[in-house]
Amino acid sequence: MTEMFTMPFAGGTLDHAETKRSGEELQKFVTDPNAQCLVYFKGMPALEEDGGLTFIHPSDLIGRDLQDPGPIFLGLNDNIPVFAAAVAHPEDLAPAESFQNMRAIAGRLDLIELALAGRAKSLLDWHYTHRFCANCGSLSHGADGGQKRQCPECDTEHFPRVNPVVIMLIISGDKVLLGRGHGWPEGFMSALAGFVSPGETIEEATIRETFEEVGIKVKNVEYIFSQPWPFPSQLMMGVTCIAETENIVLDKAELEEAKWFSKDEVKAVFAKESDVFMRPPRFTIAHQLLRHWIKS
Ligand SMILES: [Zn+2]
């Protein structure tokens, strides 16, 4: 099933330029007078006063203290090379307050900029947490414009990882089951979710996670749509499934609470006519799954 809308954090316009990521071609992109570079500090992109992303020229980074591996090449945007770099000292390039938490700004950035900022954040986070070769422990270095890391000792190549997560709307008749994690604001409810384990299908992960978290057996797992989620780098795979029972046995280590809500209740919350629960933000796939369900 497909939807005619842009999923937040997806739908970017970048050409990843997979065959032009090294040597002279990459050098040409760095020195292109139109080249652009996003700047991050601790996973936070720098923003302009108008709320859009800050772009500098890669040459502005010369002499700055940058986080490994330095500027990474994100791709071509309408033939304009786009890079991203993480600075060690924010005040080097932009006022400290211009670096803003991605979750806080995700609902305000336009969708094209959000997709770009998300890809950059995931790649920069991956480089920062994968500096050492997982095979031999040596310090590795970025290669192919940051599309991979290479170990100088054992020659192993390491590629950015994406972690698959299932996120499910559990349906019983005209009701949906939503849950609240520990530390979430009172009343905030969202779809249950969990990481896919090695050896599992999307369907098996959905069935296992649902039973573990709320003690409910589900069937008829149906894929709806997916979302790249840059905190730090998940692929959220949105599904619906049908509950065989409604009795909730809560795993209190995982969830603070879980409840059934009728479609009319969810519709009223989305129409801002009810505060029976607080809906997940629009930039989340949980929001999009619920919006999809109340229209069905
Ligand atoms: Zn190695």
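Being a predicted model, the structure only gives us computed values, none of them experimental.

Caption draft 1: Local environment of the environment of aspartate 264. Looking at the secondary structure, you find aspartate 264 in helix α5 (residues 263-270). Residue classification places aspartate 264 among the exposed positions, given a relative accessible area of 55%. With 89 residues separating them in the primary sequence, aspartate 264 and lysine 175 have C-alpha atoms 8.9 Å apart.

Caption draft 2: Highlighting the packing of α5 against helix α6 (residues 285-295). Where α5 meets α6, the closest approach of the two axes is 10 Å, and the angle between their N-to-C directions is 120°. Considered as vectors, α5 and α6 are oriented oblique to each other. The interaxial crossing formed by α5 with α6 has left-handed handedness. Residue-level contacts link Lys263, Val266, Lys267 and Phe270 of α5 to His287, Leu290, Arg291, Trp293 and Ile294 of α6. A class-by-class count of the residues in the contact of α5 with α6 yields five nonpolar, one polar and three charged.

Caption draft 3: Summary view of the sheet that holds strand β7 (residues 148-150). The strand order across the open sheet formed by three strands is β6-β7-β8, and the pairing between neighbours is antiparallel. At either end of the open sheet lies a strand with only one pairing partner, and these are β6 (141-143) and β8 (157-158). With two bridges joining them, β7 and β8 adopt antiparallel strand pairing. In the strand pairing of β8, arginine 149 is matched with histidine 158.

Caption draft 4: Structural view of the coordination of the zinc ion. The coordination sphere of the zinc ion, as far as protein atoms go, consists of Cys133 (SG), Cys136 (SG), Cys151 (SG) and Cys154 (SG), spread over 2.3 to 2.4 Å. Classification of the site at the zinc ion as tetrahedral follows from its four donor atoms and the range of 102 to 116° in their angles at the metal. Here the donor residues for the zinc ion map to a single chain with the spacing C-x2-C-x14-C-x2-C. Placement of the pair is cysteine 136 in the loop between α3 (111-129) and β6 and cysteine 154 in the loop between β7 and β8, with a sequence separation of 18 residues. We classify cysteine 136 as partly exposed; its relative accessible area is 38%.

Calculation criteria
- Residues numbered from 1 in each chain as written.
- Predicted model: local features only at pLDDT ≥ 70, side-chain atom pairs only at ≥ 80, totals over all residues.
- Heavy atoms only, no water.
- Helix = DSSP H or I, 4+ residues; strand = E, 2+ residues; numbered from the N terminus.
- Buried < 20%, exposed > 50% of the residue type's maximum accessible area, 1.4 Å probe, protein only.
- Axes fitted to C-alpha atoms, helices over the stretch in contact; angles between N-to-C directions.
- Parallel < 35°, antiparallel > 145°, perpendicular 65-115°, else oblique.
- Left-handed = near helix turned anticlockwise from the far one by under 90°.
- Contact = heavy atoms within 4.5 Å.
- Nonpolar A, V, L, I, M, F, W, Y, C, P; charged D, E, K, R; others polar.
- Pairing = 2+ DSSP bridges.
- Donors = N, O, S within 2.8 Å, 3.2 Å for Na, K, Ca; no water.
- Tetrahedral: all angles 85-135°; square planar, octahedral: opposite > 155°, others 65-115°.

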